[in-house]
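Chain by chain, the residues:
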Amino acid sequence: NAGVTQTPKFQVLKTGQSMTLQCAQDMNHEYMSWYRQDPGMGLRLIHYSVGAGITDQGEVPNGYNVSRSTTEDFPLRLLSAAPSQTSVYFCASSYHSFNSPLHFGNGTRLTVT
Amino acid sequence: TQLLEQSPQFLSIQEGENLTVYCNSSSVFSSLQWYRQEPGEGPVLLVTVVTGGEVKKLKRLTFQFGDARKDSSLHITAAQPGDTGLYLCAGAQYSGAGSYQLTFGKGTKLSVIP
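Worth saying up front: this structure is predicted, and the values here are computed from it rather than measured.

(A) The arrangement of the sheet that holds strand β7 (residues 64-66) of chain A in detail. Residues and elements named next belong to chain A. The strand order across the open sheet built from four strands is β1-β3-β8-β7, with neighbouring strands paired in antiparallel fashion. Taken across any chain shown, the strands that pair with only one partner, and hence form the sheet edges, are β1 (4-7) and β7. Here the average twist between neighbouring strands, direction ignored, is 20°. Direction of pairing for β1 relative to strand β3 (residues 19-25): antiparallel, over a ladder of four bridges. What sits directly across from Val-4, in β3, is Gln-25.

(B) Quick look at the interface of chain B and chain A. Contacts between the two partners involve 24 residues from chain B, matched on the other side by 22 residues from chain A. Between chain B and chain A, the buried area comes to about 1700 Å², and carbon and sulfur atoms account for 56% of it. The tally of links between chain B and chain A comes to zero salt bridges. Summed over the shared surface of chain B and chain A, the number is seven residue pairs in polar contact (both at pLDDT 80 or more). In terms of residue count, the dominant contributor to the side of chain B that touches chain A is strand β10 (residues 99-104) of chain B (five residues). Tallied by class, residues from the side of chain B that touches chain A come to 10 nonpolar, 12 polar and two charged.

(C) Here's a closer look at unusual backbone geometry. Residues Thr7(A) and Pro8(A) are joined by a peptide bond in cis, for which omega reads -5°. Within the fold, Pro8(A) resides in the loop between β1 and β2 (10-13). Ser7(B) connects to Pro8(B) through a cis peptide bond whose omega is -10°. You can see Pro8(B) is positioned in the loop between β1 (5-7) and β2 (10-14).

(D) Local environment of the environment of Thr111(A). The residue Thr111(A) is located in strand β11 (residues 108-112) in this model. In contact with Thr111(A), not counting residues within four places along its chain, are Gln11(A), Val12(A), Leu13(A) and Thr86(A).

Calculation criteria
All residue numbers here refer to positions counted from 1 along the written sequence of the relevant chain. Chains and ligands are labelled by the order in which they are written, letters from A for the one and numbers from 1 for the other. Residue-level local features of this predicted model are given only where pLDDT is at least 70; pairs of side-chain atoms are given and counted only at 80 or more, and the full residue set underlies all totals for whole chains, interfaces and linings. Note that the side-chain values use all heavy atoms of the structure and ignore hydrogens as well as water. A pair of strands is labelled paired if DSSP reports no fewer than 2 bridges between them. Under the scheme used here, helices are H or I runs from DSSP no shorter than 4 residues and strands are E runs no shorter than 2 residues, and both carry numbers assigned from the N terminus. Axes here refer to lines fitted to C-alpha atoms; in helices the fit is confined to the stretch in contact. Angles between the N-to-C directions go from 0 to 180 degrees. Here a residue-residue contact requires only that any non-hydrogen atoms of the pair lie within 4.5 Å. Two parts lose some accessible area (1.4 Å probe) when they are put together, and adding that loss for both gives the buried area. Whenever a carboxyl oxygen of Asp or Glu lies within 4 Å of a side-chain nitrogen of Lys or Arg, that contact is scored as a salt bridge. N or O atoms closer than or at 3.5 Å make up a polar contact, with two conditions inside protein: a donor-capable atom paired with an acceptor-capable one, and, for residues adjacent in sequence, both atoms drawn from side chains. Polar here means any residue other than Ala, Val, Leu, Ile, Met, Phe, Trp, Tyr, Cys and Pro, which are nonpolar, and Asp, Glu, Lys and Arg, which are charged; Gly is therefore polar.

Below, the structure is given as structure tokens:
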């Protein structure tokens with residue numbers, strides 16, 4: 001069972017470049033989400049999806065786009081990278097209820113120079 | 001304003017000592033979850049508490065949900081070096097249209113020294 005798979009594990013971008021962080025889950029979870037983790041800031045929600053074709057913004061959505069064409073995949077797109085987007089990004093999925101645990105991937109460490 | 005306040009932010013203790021981590025809010029949560037995260041990995045769920053006043057035990061770890069479902073604590077008895085990690089609390093709140101959102105505290109970084 002792979003769980004939640006994120007690629008790449010590390011990435012360095014120059015300011016203004018674009019890229020897509022990939023996330024896939026094999027647990028048939030309805031709910032998927034993207035968080036960023038910065039020192040002293042905890043985990044902050046970027047975007048989330050409650051099912052295929054449905055996405056919504058979280059706490060810090062600016063500069064990021066998402067789409068959910070299948071249940072399994074939830075890519076995160078950076079359209080024009082900025083140094084403020086240097087962070088560790090985590091994708092997570094769950095069954096969608098108030099007490100369902102989040103299953104996290106192992107993260108993508110992104111540096112924007 | 002941080003919805004969930006975790007304290008302490010850092011904790012360094014000797015092996016065998018006891019410790020308590022707190023997670024406090026002025027908001028009511030449908031459930032509260034505790035995660036542990038190790039370097040280079042994603043957070044992993046330890047426990048979910050749902051009912052006010054609920055106490056759950058996981059070996060040497062004891063989790064408590066406040067009666068009003070606004071706060072929680074994690075107590076570790078006789079800490080071991082393997083307990084080292086970042087401990088995160090997360091509260092679930094209904095956000096409309098059948099959707100729940102998890103809000104995370106900033107975490108407590110625990111170091112247990114052999």
